[in-house]
Amino acid sequence: MEVVSKPAIEQLSCIRNCKPTTLFSGVPIIDLSKTDSKHFLVKACEELGFFKVVNHGVPVEFISKLESEALSFFSLPLSEKEKAGPPNPLGYGNRSIGPNGDVGWIEYLLFTINQDSFSQRFFEVFGSNPEEFRSALNDYISAVKKMACDILEMMADGLRIQPRTVFSKLLMDEQSDSVFRLNHYPPIPCPGPGIQTLNSNNTIGFGEHTDPQIISVLRSNNTSGLQISLENGNWISVPPDQNSFSSMLVMTNGRFKSVRHRVLANSMRSRVSMIYFGPPLSEKIAPLPPLIKEEEESLYKEFTWFEYKRSAYNSRLADNRLVLFEKIAAS
C-alpha cells in the first residue's frame, strides 16, 4: 500500500468544523449508521468529491458471490469471453475503452440494469449454469441500488433540500439508464507494444477521468490500484477492499466536486472492480434552485442526461466532460 505524505493528509482532512468518522490514508470513511452521517457526506463531497462508507447494508455474501462469478468469467479463454462482445456499447471489451482511442490494461463487462436487453446466448457464456451469474448480478445490483439511494437521500437531507428524494428518484425511475460495469485488471506481463505506462513501475489500467454520472458506486477486491487527484495535482492511492463513491457536480451548481481518478494495474495480482451508476435519458439536468445562492447565477445550461451522455462518450477520458454545458460569461 502506498504511503500518503503528511501534507496530503492534512489537505484532505480540513473538512471545515467537523471530521468524518475516520480518515484513512487521506480518504474520509463515513459510518452510514450514524445519525450525523449526512453532514459528513456533504462535507466530503464539497472538499474532495470522494469517500468510503461502512455499515452500508450490502450483504458480504452478495459481494463475494459476484466477485467469484466475475473472476470465473475473466479466467475463461479470450475466444470464449469474446462471445459476450464486442461492446456496442454493452458487452465484453478488452483493452479499448470507448470509441475514441483510449486504451488500458483492462477487460470488462458492461450491462444495463435492464438485463432483458441481453440475449440468452450472452449469458450462456458464463459456464454451465448462467443463472448463477444472473442471480449474483441481480442480488448485488439490488442491494447497491438501495445503498446509493440511501446515500443520495442523506445528501439531500444534509443540503436541506426537499423532497429528500430529489436525487434518488433519478435511480428509482423505471426509465433509469443505470449501468453496471465489471472491470478486471490482469497481472501485468513485461511492458510491450500497446501497453501504456506512467513510468517504469506503473502501467495504466484505466486512464484519468471524471465520471459523467450523478453518482458512481465502486467496490474492488483486495488489490490496490485506484488513485484520486487532489486540487494541487498530486495523486494519492485509495486503500482497497472498501466501498467508495464519487458524486454530483451539475445539480449542486459546482458545490460538490467530481473527483479525477485513475487505475494503475498491479504487476502481481489481478484487480476486480464493480461500478454502478444512473439516471433516465430524458431527465433534465440543471442546478437545483435551493443551491443557487442569492445574486448567484447557474454555472450550467439545462441539458438532458442523453445529451450529456452522448457528449461524454464522444470525448476522450481525460477531457472536461461538462465544458460544453457551462454558461460562458459575457465578455
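Predicted model, so just to flag it, every value in this text is computed and none were measured.

### Quick look at the environment of Y308
For Y308, the location among the structural elements is in helix α8 (residues 305-313). The exposure class of Y308 is buried, given its relative accessible area of 8%. Taking the C-alpha atoms as reference points, Y308 and L322, separated by 14 residues in sequence, lie 7.9 Å from one another.

### Regarding the nonpolar core
Grouped together as the largest cluster of nonpolar side chains are 51 residues, with contacts concentrated most on F51, L66, L109, I151, F180 and L182. Counting only elements with at least two residues in this core, the list comes to α2 (37-47), β3 (50-54), α3 (60-74), β5 (102-112), α6 (130-159), β6 (179-185) and β14 (271-277). In this structure, L66 is in contact with F133, A136, L137, Y140, F180, L182 and M274, ignoring residues within four places of it in sequence. One finds I106, L226, L230 and V238 within the second-largest nonpolar core, a separate group that totals 21 residues.

### Looking at α3
Along an α-helix, a turn takes 3.6 residues, which lines up residues three or four apart on a common side. In this model, α3 (15 residues) spans 21 Å end to end at C-alpha, consistent with the 21 Å of a helix rising 1.5 Å per residue. Every buried residue belonging to α3 is among I63, L66, E67, E69, A70, F73 and F74, and all of these are buried. Summarising the axial view, the buried residues of α3 lie within an arc of 165°, below the 170-degree limit, and thus occupy one face. Across from the buried face of α3, at angles greater than 90 degrees, the exposed residues are V60 and E61.

### Things to note about the packing of α2 against α6
At a minimum axis separation of 8 Å, α2 and α6 run at an interaxial angle of 90°. With respect to α6, the axis of α2 lies roughly perpendicular. For the pair α2 and α6, contact is made by S37, K38, L41, V42 and C45 and by I151, M154, M155, D157, G158 and L159, respectively. Among the residues forming the contact of α2 with α6, the class breakdown is 7 nonpolar, 2 polar and 2 charged.

### Side note on the pairing of β6
Most of β6 sits inside the fold, with 7 of its 7 residues counted as buried. The side-chain alternation of β6 yields two buried faces, one formed by V179, R181, N183 and Y185 and the other by F180, L182 and H184. Where β5 and β6 come together, 6 bridges link them in antiparallel fashion. Pairing of L109 across the sheet is with L182, part of β6. Where β6 and β14 come together, 7 bridges link them in antiparallel fashion. The residue bridging L182 from the neighbouring strand is M274, located in β14.

Procedures and definitions
Residues numbered from 1 in each chain as written. Predicted model: local features only at pLDDT ≥ 70, side-chain atom pairs only at ≥ 80, totals over all residues. Heavy atoms only, no water. Helix = DSSP H or I, 4+ residues; strand = E, 2+ residues; numbered from the N terminus. Buried < 20%, exposed > 50% of the residue type's maximum accessible area, 1.4 Å probe, protein only. Core = buried A, V, L, I, M, F, W, Y, C linked by side-chain atoms within 4.5 Å. Contact = heavy atoms within 4.5 Å. Expected span 1.5 Å × (residues − 1). Arc of directions from axis to C-beta. Axes fitted to C-alpha atoms, helices over the stretch in contact; angles between N-to-C directions. Parallel < 35°, antiparallel > 145°, perpendicular 65-115°, else oblique. Nonpolar A, V, L, I, M, F, W, Y, C, P; charged D, E, K, R; others polar. Pairing = 2+ DSSP bridges.

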